[in-house]
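# Report on the structure
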Amino acid sequence: MLVTGGAGYIGSHVVKELTIAGHDVVVYDNLSKGHREAVRGGTFIHGDLADKGLLRETMRAHGVDVVVHLAADTSVAESMSNPAVYYQNNVVNGLTLLDTMLECGVKRIVFSSSAAVYGEPEKVPITEDASKRPTNVYGETKLVFEGILAAYDRAYGLKYISLRYFNAAGADESGEIGEDHNPETQLIPIVLQTALGQRPYLEIYGTDYPTRDGTCIRDYIHVSDLAVAHILAAEALMNGVPSNVYNLGNESGHSVREVVSVAEKVVGHKIPVREAGRRPGDPAVLVASSEKIRRDLGWRPRYANLEDIVASAWKWHSRHPRGYEAG
Ligand code: UDP
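Now for a description of the structure that goes with this document. (Residues numbered from 1 in each chain as written. Predicted model: local features only at pLDDT ≥ 70, side-chain atom pairs only at ≥ 80, totals over all residues. Heavy atoms only, no water.)

## Remarks on the sheet that holds strand 4 (residues 67–69)
Strand order in this open sheet of 7 strands is 3-2-1-4-5-6-11, and the pairing throughout is parallel. Looking at the sheet topology across the chains shown, the edges are occupied by strand 3 (43–46) and strand 11 (244–248). Put simply, the sheet's adjacent strands are angled 20° from each other on average, direction ignored. Along the sheet, helix 2 (residues 52–61) contacts strand 1 (2–4), strand 2 (26–29) and strand 3; its crossing angle with strand 2, the most-contacted strand, is approximately 175°. (Pairing = 2+ DSSP bridges. Helix = DSSP H or I, 4+ residues; strand = E, 2+ residues; numbered from the N terminus. Axes fitted to C-alpha atoms, helices over the stretch in contact; angles between N-to-C directions. Contact = heavy atoms within 4.5 Å.)

This is the structure:
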């Protein structure tokens, strides 16, 4: 199995779970955002998706039969200021991957998509058939690639499962791998960095949303539960299921203020916050229906409550306050 982006936050957890489940894994990552130390299993290849020769050689040398494709740029804000890079890396380089797969006779792929494909939802919980109107370039690139996969299935018989993640959070129970972005933009790591005194306060982006406390509501899902879904998807593809698309969330929403108060409970002290303006492109409420993947693939989250998710993230951040940098 080839895992692109296997040195990233979600990818490293996918690699760990695949290895535990006994799969042979080849990790392919250019380390532009990922961390070599995060790869805890499999064979590591330092390579870029644009390098067709190396991709081909890797697929042939390792007898790859399924690809789990997570390599992508993931910052919403950066996608708006630098769309060229996002279309290049998330779409054009993804096409190189697909074309190389077809050349090598590899016809199964699990794709890491995003709730960002939906944009502002008409109703929650969001089901897979809801309208897709991304509000940022990142979401557009994910939606475009989903369309490419459908076309490649029709034309070339490529089978895919797209997993639309809601808000990935938490860290592996070992406390050895976790979230480490530079710059960090995700709520839970920022809250915990504030708890560690690395930031003076958390800025709450928007307190005038039409929600119970005025702050945005998101569906936080543990990264190891996401990782397990990739294994189920890859195994289903190997068993010959048709192509499909699934949401992945916990089906419960938490506001920014609720996240802060759960984090205060986990760390045992107050976390300073400041109220700030809205961040452009943020929908008020994003909550998944994950009924389809529960039904079709038997997926069940192990971490159903936010406190356990935040506690696992705290284990990582408190033990590795400077992320992978300090080893
Ligand atoms: N958020 C916030 N302050 C921060 C970072 C995030 O208030 O410093 C809010 C953000 O506006 C959103 C929620 O926290 O409503 C989750 O944001 P994150 O960037 O973690 O994930 P996203 O929902 O954008 O994928």
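## Considerations on unusual backbone geometry
That bond from V124 to P125 is cis: its omega, -5°, falls within 30 degrees of zero. Inspection of the secondary structure assignment puts P125 in the loop between strand 5 (108–114) and helix 5 (137–156). That bond from N182 to P183 is cis: its omega, 0°, falls within 30 degrees of zero. Positive phi is not limited to glycine here, since L31 has a value of about 60°. Positionally, L31 belongs in the loop between strand 2 and strand 3. By relative accessible area, L31 is classed as partly exposed at 26%. At E251, a residue that is not glycine, the phi angle is positive and equals roughly 65°. Among the residues examined, E251 registers a relative accessible area of 34% and is labelled partly exposed. (Buried < 20%, exposed > 50% of the residue type's maximum accessible area, 1.4 Å probe, protein only.)

## What about the pairing of strand 2?
Alternating positions in strand 2 separate into two faces, V26 and Y28 on one and V27 and D29 on the other, with burial throughout. Of the strand pairs in this sheet, strand 1 and strand 2 are connected by 3 bridges, and their pairing is parallel. Across the sheet, the residue bridging to L2 is V26, located in strand 2. Since strand 1 and strand 2 lie parallel, the crossover through helix 1 (residues 9–20) that links them has a hand, and here it is right-handed. Here strand 2 pairs with strand 3 via 4 bridges, running parallel. Within strand 3, the residue paired with Y28 across the bridge is I45. (Right-handed = clockwise from strand over helix to strand, strands pointing away.)

## Brief notes about the packing of helix 6 (residues 187–195) against helix 10 (residues 306–319)
Running from N to C, helix 6 and helix 10 cross one another at 60°; their axes reach a closest spacing of 10 Å. With respect to helix 10, the element helix 6 is oriented oblique. The crossing of helix 6 and helix 10 is right-handed. Of helix 10, the residues touching helix 6 (which contributes I188, P189, L192 and A195) are L306, V310, A313, W314 and H317. Split by residue class, the contact of helix 6 with helix 10 holds 8 nonpolar, 1 polar and no charged. (Parallel < 35°, antiparallel > 145°, perpendicular 65-115°, else oblique. Left-handed = near helix turned anticlockwise from the far one by under 90°. Nonpolar A, V, L, I, M, F, W, Y, C, P; charged D, E, K, R; others polar.)

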